[in-house]
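# Geometric and topological summary
Residue-level listing of the chains:
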Protein chains: 2
Amino acid sequence: MKALFLIMDGLGDLRDNGKPTPLEMAKKPNMDGLAKEGALGQLHALGMGIKPGSDTSQLAIFGYDIMSEYPGRGPLEVLGSGIRPMPGDVCFRANFATADKSLRVTDRRAGRIETKLGKSLERHLQGIEIEGTKIVFRSTVEHRGIIIIRGDRLSGRVSDTDPHQNSGKVNESQALDTSAEAKRTAKILNRFTLEAYKRLNGAPENAERARKGLPPANMVIARGGGEYFEVETFRQRHGLKAACVAGGALYKGLASFMDMDVIDVKGATGDKNSNYANKAKAAVQASKTHDFVFLHVKATDSFGHDGNREGKASIIERVDKEIIPAVKGRFDLIVITGDHSTPCLLKAHSGHPNPFLAYGKLVRQDKARKFDEFEAMEGGIGSINGEDVMQLILNWIDKNRKIGE
Amino acid sequence: MKALFLIMDGLGDLRDNGKPTPLEMAKKPNMDGLAKEGALGQLHALGMGIKPGSDTSQLAIFGYDIMSEYPGRGPLEVLGSGIRPMPGDVCFRANFATADKSLRVTDRRAGRIETKLGKSLERHLQGIEIEGTKIVFRSTVEHRGIIIIRGDRLSGRVSDTDPHQNSGKVNESQALDTSAEAKRTAKILNRFTLEAYKRLNGAPENAERARKGLPPANMVIARGGGEYFEVETFRQRHGLKAACVAGGALYKGLASFMDMDVIDVKGATGDKNSNYANKAKAAVQASKTHDFVFLHVKATDSFGHDGNREGKASIIERVDKEIIPAVKGRFDLIVITGDHSTPCLLKAHSGHPNPFLAYGKLVRQDKARKFDEFEAMEGGIGSINGEDVMQLILNWIDKNRKIGE
């Protein structure tokens, strides 16, 4: 039996002065149909009231222990960019930014430069070695990139150089614990920051931007440091061959971290213009060779961060129309949920549970009539934590191992 | 206050293409009456979605930690046969089987020989000593028996000699870890297997079977190896004097492992012909001298394994008629549940929760109208795990200790 696991990022929401949640607003006859025939529950990915990031939440949902198996955001972004780090590599997310002479960051995104310029600037940052370590820099999309520090005696426990606002001075990275490794790594990152500034200031691309009156992309700021390590694969842990269909780099990175097969889908962009029909087709295709397909939709979260209730509802309607009919009947189990709530009212993640829907032959039907946060409160599956999700799924596709005799 | 704890083995089930579950099908006015006056919940014996055996599940329900306090099936079967092993004994379940000259098992049950023949053959297997250990073999019911290896430097971490199908060669037992003890134990079991084959082939009982054209019971195959150890008794752990009323050897063995008093009941066979009226009488009788009576009914599970929905429903109806009225009013608390689901659709155990019913003066009444899987989803007790059960029961009979002041 085969399972489709659909995460709509940041799905859960709150009513606001009588305004319904996006799930309540959206016309979604297909999801409501699955709810009628299936069952609902409430998912607390990291536990009741706990506010998760997408990375920790999804790792927990896939059955990993975030206290011992979460490598930090950096390694996941590196994996998502298509690079597999070596165990021990310290990885960061990075931005091209604009800094003035006193290293004050005047634009954290260097005027949101295009991917092409990022790729061009990348070549100036090659071959940097500091204190016996190699620094790998790769541009990814627009102003974004990744940094890897590779060598001995390193630690991921260092603070960001990214000031996280336009105006602060570029931060000096600090050790986050008392280890010599963390001190050494912070020092190396700080030296790289100055070296990158020097090299990028001299780059012809920036001279041309100056001529055009554009802010130079003359700085690289880093955040989300973490040391990459290998974990037991999803297949080893759950006995399921898994595929991932996602647009966003982080979700591909997460899948890659667990050694799921990451399927490249044309038009899957991880934003509101993503091609959901193509993602649905890819998921159905993947079901022929895989037991478990993880399908991720990002734009619900993005509209939540924008506080755009109608936008979020429109994404739910698109998923309902473009994905659900295409996958129904093609899997023995369909599970739909969110990784965390992103209430429009808060424009940020929250610790509210997500509605959780399961539909399949081995799912006991409850009395749910539709799929939303409030119907989910009375669902027959009840309140579940992230660590329960894979156990429930394995049971609903009859692939769990018996404990005892 | 006194509690009756009734486990209907493998009780929980699934609907199948519109066919209701056995609990939905069965006419059970007495259980539904308890549900109306009491409250329901859903029991996940080992946790959500986890598929338990009866042994692990019931240990967990009785408040034992299956990671550190589960001895394996062998010791429980030995206890159930009325023999108390010594700590360190390695115990197995065994079958008389038929093997050909190349040790291929042609019948795992030697034509389902009668108990009388098993008892007669048993005497040929006495006094066997291998590498300084003593081997105890006892015939139990029909083709079944138990093996104990008693001595120094032994381990229960060895594989079965039972090929688990008619046609495979008798397995050579292997160590399941790298210890010298496991290697030594596997070797001793393999030598016992050959010795038993030699002795049984020469037994006059088998010469007579040959004359009648019956397959010889010339081999003993072993499974479920485990090392017996003592655990805190049920009374030490929960402060309750407990009795067990059960037909099946495993359940008597489990009760014995926890040092419950095992009551022998005439006609309690552990199959569909078991005398439930006698079991109910024995339970009521036991309540005069015990705080807690564990009453076990096996046949619901057996019909589940057969995929026989009507058969399973008929057992529920018999329990409703022959047990419930006899115990109602005789206990201050009645709890009814299953240890795991055995859906007729799957003909096997599953990880679906069991409906859980509590009825008594100290149970807060919920809105339940009847006792089944779907009504239980909305029950006021909510979702509970095995480890919660004894705490709930102790509270409902006001015998729990206060934590703090």
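Residues numbered from 1 in each chain as written. Chains lettered and ligands numbered in written order. Predicted model: local features only at pLDDT ≥ 70, side-chain atom pairs only at ≥ 80, totals over all residues.

### Let's talk about the nonpolar core
Basically, it comes down to this: Put simply, a nonpolar core is a cluster of buried Ala, Val, Leu, Ile, Met, Phe, Trp, Tyr and Cys residues tied together by C-beta atoms within 7 Å. Think of it as a crowd count around each C-beta: if 20 or more other C-beta atoms lie within 10 Å the residue is buried, if 12 or fewer it is exposed, and in between it is partly exposed, with C-beta placed from the backbone throughout. We call two residues in contact whenever the C-beta atoms placed from their backbones are within 7 Å.
If you look at the biggest cluster of nonpolar residues, it comprises 243 residues, and the most contacted ones within it are A:Phe5, A:Val245, A:Ile393, B:Phe5 and B:Val245. Among all residues touching B:Val245, those that are not within four sequence positions of it are B:Ile263, B:Val265, B:Ala268, B:Lys279, B:Ala282, B:Ala283, B:Ala286, B:Val293 and B:Leu295.

### Focus: the pairing of strand E13 (residues 333-337) of chain B
For a regular strand, side-chain orientation follows a simple rule: the groups alternate between the two sheet faces. Residue and element names in this part refer to chain B. The cut-off we apply is this: Runs of E in the DSSP output that reach at least two residues are strands. Runs of H or I that reach at least four are helices, and both are numbered from the N terminus. A pair of strands is considered paired only if DSSP assigns at least 2 bridges between the two.
A large share of E13 lies buried, amounting to five of its five residues. Going residue by residue along E13, you find Leu-333, Val-335 and Thr-337 tucked away on one face and Ile-334 and Ile-336 tucked away on the opposite face as well. In this structure, strand E1 (residues 3-8) lies alongside E13, joined through five bridges in parallel fashion. If you follow Leu-4 over to E13, its bridge partner there is Ile-334. For E13 and strand E14 (residues 354-360), the ladder comprises four bridges, and the chain directions are antiparallel. Counted as the bridge partner of Val-335 is Ala-358 from E14.

### Quick notes on the pairing of strand E3 (residues 90-99) of chain A
Residue and element names in this part refer to chain A. With 10 of its 10 residues buried, E3 lies for the most part within the structure. The alternating pattern of E3 places Val-90, Phe-92, Ala-94, Phe-96 and Thr-98 on one face and Cys-91, Arg-93, Asn-95, Ala-97 and Ala-99 on the opposite face, and all of these are buried. Bridging between E3 and strand E7 (residues 144-150) involves six bridges; their strand directions are antiparallel. By the bridge assignment, Cys-91 is partnered in E7 with Ile-148. Bridging between E3 and strand E8 (residues 219-227) involves seven bridges; their strand directions are antiparallel. Each bridged residue has a counterpart across the sheet, and for Cys-91 the counterpart in E8 is Gly-226. Inspection of the sheet shows E3 paired to strand E4 (residues 105-107) by two bridges, in the antiparallel sense. Bridge pairing in E4 links Thr-98 to Asp-107.

### Section: the interface of chain B and chain A
Note the following rule: Three residue categories are used. Nonpolar comprises Ala, Val, Leu, Ile, Met, Phe, Trp, Tyr, Cys and Pro, charged comprises Asp, Glu, Lys and Arg, and polar comprises the others, including Gly.
Contacts between the two partners involve 25 residues from chain B and, on the opposite side, 18 residues from chain A. Of all the secondary-structure elements, those providing two or more residues to the side of chain B that touches chain A are strand E3 (51-52), helix H3 (54-61), helix H15 (373-376) and strand E15 (382-385) of chain B. Tallied by class, residues from the side of chain B that touches chain A come to nine nonpolar, 12 polar and four charged. Note: strand E15 (residues 402-403) of chain A against E3(B), two bridges, orientation parallel. By the bridge assignment for E3(B), A:Lys402 is matched with B:Lys51.

### Re helix H13 (residues 309-322) of chain B
All names here are of chain B. Basically, it comes down to this: Each residue after the first adds 1.5 Å to the expected span of a helix. Here the arc refers to the directions that run from the helix axis out to each C-beta atom.
Spanning 14 residues, H13 covers 20 Å between terminal C-alpha atoms, matching the ideal 20 Å at 1.5 Å per step. Turning to H13, its buried residues are Arg-309, Lys-312, Ala-313, Ile-315, Ile-316, Val-319 and Asp-320. End-on, the buried residues of H13 take up no more than an arc of 155 degrees, which puts them together on one face.

### A word on the domain arrangement of chain A
Residues and elements named next belong to chain A. Where we set the bar: In this document the domain limits rely on a domain assignment from an automatic tool or a database.
Along its sequence, chain A is organised into domain 1 (3-70 + 232-396) and domain 2 (78-227). Distance between the C-alpha centres of domain 1 and domain 2: 33 Å. If you look at the interface, domain 1 gives six residues, while domain 2 gives four residues. Broken down by class, the residue content of the side of domain 1 that touches domain 2 amounts to three nonpolar, two polar and one charged.

### A word on the relation of the copies chain B and chain A
Note the threshold: To superpose the copies, least squares is applied to the C-alpha atoms of every residue with a pLDDT of at least 70 in both.
Each copy of the sequence occupies a distinct position, and chain B is placed on chain A by a rotation of 121 degrees and an axial shift of 0.2 Å, giving an RMSD of 0.2 Å. Seen this way, the second copy is the image of the first under a three-fold rotation axis.

### A word on the sheet that holds E13(B)
Whether parallel or antiparallel, the strands of a sheet pair through hydrogen bonds between backbone atoms. Residue and element names in this part refer to chain B. Worth spelling out the cut-off: The axes are straight lines fitted to the C-alpha atoms, using for helices just the contacting stretch, and the angles between their N-to-C directions are given from 0 to 180°.
Taken together, eight strands build an open sheet; the order of strands is E11-E10-E12-E1-E13-E14-E2-E15 and the sheet is mixed. Both outer strands of the open sheet, strand E11 (261-263) and E15, are each paired with one neighbouring strand and no more. Averaged over all neighbouring strand pairs, the angle between strand axes comes to 25 degrees, with direction disregarded.

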